[in-house]
Amino acid sequence: MSQEQFMREAIRLAEDGMRSGRGGPFGCVIVRGGQVVGQGGNLVTSTNDPTAHAEVVAIREACRTLESFHLSDCELYASCEPCPMCLAAIYWAHIPRVYYAGTRLDAAAIGFDDDFIYRQLPLPSEQRRLEMKHLLRDEALAVLHAWHARPDKKAY
């Protein structure tokens with residue numbers, strides 16, 4: 001399949017999910033070596049899970065399929081530019097290449113204001129709309145240091 005065919009599949013998943021009422025108009029396909037290893041549509045409203053974006057659903061499926069939490073030999077096709085959460089998941093999965101159709105501004109124009117989050121992220125925490133408070137650092141550091149000292153840890 002070509003890049004355009006993989007993108008058309010992501011767009012088809014977006015349309016199917018939207019028409020069936022499973023979620024918003026977003027779809028995603030993850031490809032390795034010319035084969036689809038993960039795919040997903042947005043399932044936010046049908047699962048009451050705000051993290052069930054198409055990209056996250058597809059990453060989870062690809063990781064199960066490949067039995068790996070690194071997808072460094074894969075590429076991702078999204079029907080729309082990934083939101084900050086999905087972009088972070090893509091980085092965590094080590095996916096090196098992303099193709100997208102619609103833009104975050106296209107999504108904002110119909111009420112999906114991911115661009116708001118993009119604008120919040122570079123702000124210092126005290127200037128963000130989300131209130132954040134720093135508590136119990138020493139206790140948390142003890143757990144972090146204990147994990148770091150484990151000889152049997154699986155680094156990621």
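Residues numbered from 1 in each chain as written. Predicted model: local features only at pLDDT ≥ 70, side-chain atom pairs only at ≥ 80, totals over all residues. Heavy atoms only, no water.

Visitor: Just to check I follow, could you spell out the nonpolar core for this structure?
Guide: Taken as a class, soluble globular proteins show a tendency for nonpolar side chains to be buried jointly. Residues Cys28, Ile30, Ile59, Leu71, Leu76 and Ile95 are the most contacted members of the largest nonpolar core, which totals 18 residues. Looking at this core, the element that brings in the most residues is helix α3 (residues 54-66), giving 5 residues. The contacts of Ile95, once residues within four sequence positions are left out, are Ile30, Ile59, Leu71, Cys74, Glu75, Leu76 and Ile90. (Core = buried A, V, L, I, M, F, W, Y, C linked by side-chain atoms within 4.5 Å. Buried < 20%, exposed > 50% of the residue type's maximum accessible area, 1.4 Å probe, protein only. Helix = DSSP H or I, 4+ residues; strand = E, 2+ residues; numbered from the N terminus. Contact = heavy atoms within 4.5 Å.)

Visitor: Hey, could you run me through the state of the cysteines in this one?
Guide: In a disulfide, the sulfur atoms of two cysteines are held together by a covalent bond. Evaluated as defined, the whole model comprises 0 disulfides. The thiol sulfur of Cys74 is not disulfide-bonded, and the nearest other cysteine sulfur, from Cys63, lies at 8.2 Å. By relative accessible area, Cys74 is classed as buried at 3%. Here Cys83 is not cross-linked by a disulfide; its sulfur's nearest cysteine counterpart is in Cys86, at 3.7 Å. For Cys83, a relative accessible area of 7% corresponds to the buried category. (Disulfide = S-S within 2.5 Å.)

Visitor: Please explain the pairing of strand β3 (residues 75-80) as it appears in this structure.
Guide: Remark: a regular strand shows side chains that alternate across the two faces of the sheet. The buried fraction of β3 amounts to 6 of the 6 residues, a majority that puts the element mostly inside the structure. The pairing of strand β1 (residues 27-32) with β3 spans 4 bridges and is classified as antiparallel. Paired with Ile30 across the strands is Leu76, a residue of β3. For β3 and strand β4 (residues 97-102), the ladder comprises 5 bridges, and the chain directions are parallel. Across the sheet, residue Ala78 finds its bridge partner in β4, namely Tyr100. As for the winding sense of the linkage, the β-α-β connection from β3 through helix α4 (residues 84-92) to β4 is right-handed. (Pairing = 2+ DSSP bridges. Right-handed = clockwise from strand over helix to strand, strands pointing away.)

Visitor: Explain helix α7 (residues 137-149) to me, please; I cannot follow it from the model alone.
Guide: Count 3.6 residues to each turn of an α-helix, and residues three or four apart come out pointing the same way. Taking 1.5 Å per residue as the helical rise, α7 with its 13 residues ought to reach 18 Å, and the 18 Å between its terminal C-alpha atoms agrees with that figure. For α7, the buried fraction is low: 0 of the 13 residues fall into the buried class. (Expected span 1.5 Å × (residues − 1).)

Visitor: Whenever I open this one, the packing of aromatic side chains confuses me. Can you help?
Guide: Aromatic ring pairs: the centre-centre distance and the angle between the two ring planes describe each pair. Scanning the model with the defined rule gives 4 aromatic pairs in all. Ring geometry for Phe6 against Tyr77: centres 5.3 Å apart, planes inclined by 40 degrees, an arrangement best described as tilted. With Phe6 in helix α1 (residues 3-20) and Tyr77 in strand β3, this residue pair connects regions lying 71 residues apart in the sequence. An aromatic cluster of at least three residues, connected via ring pairs, comprises Phe6, Tyr77 and Tyr99. Here the basic side chain of Lys153 rests over the ring of Trp147, its NZ or CZ set 5.3 Å away from the ring centre. (Phe/Tyr/Trp six-rings, centres within 6.5 Å; stacked < 30°, edge-to-face > 60°. Lys NZ or Arg CZ within 6 Å of the ring centre and 35° of its normal.)

Geometry only, nothing functional implied.
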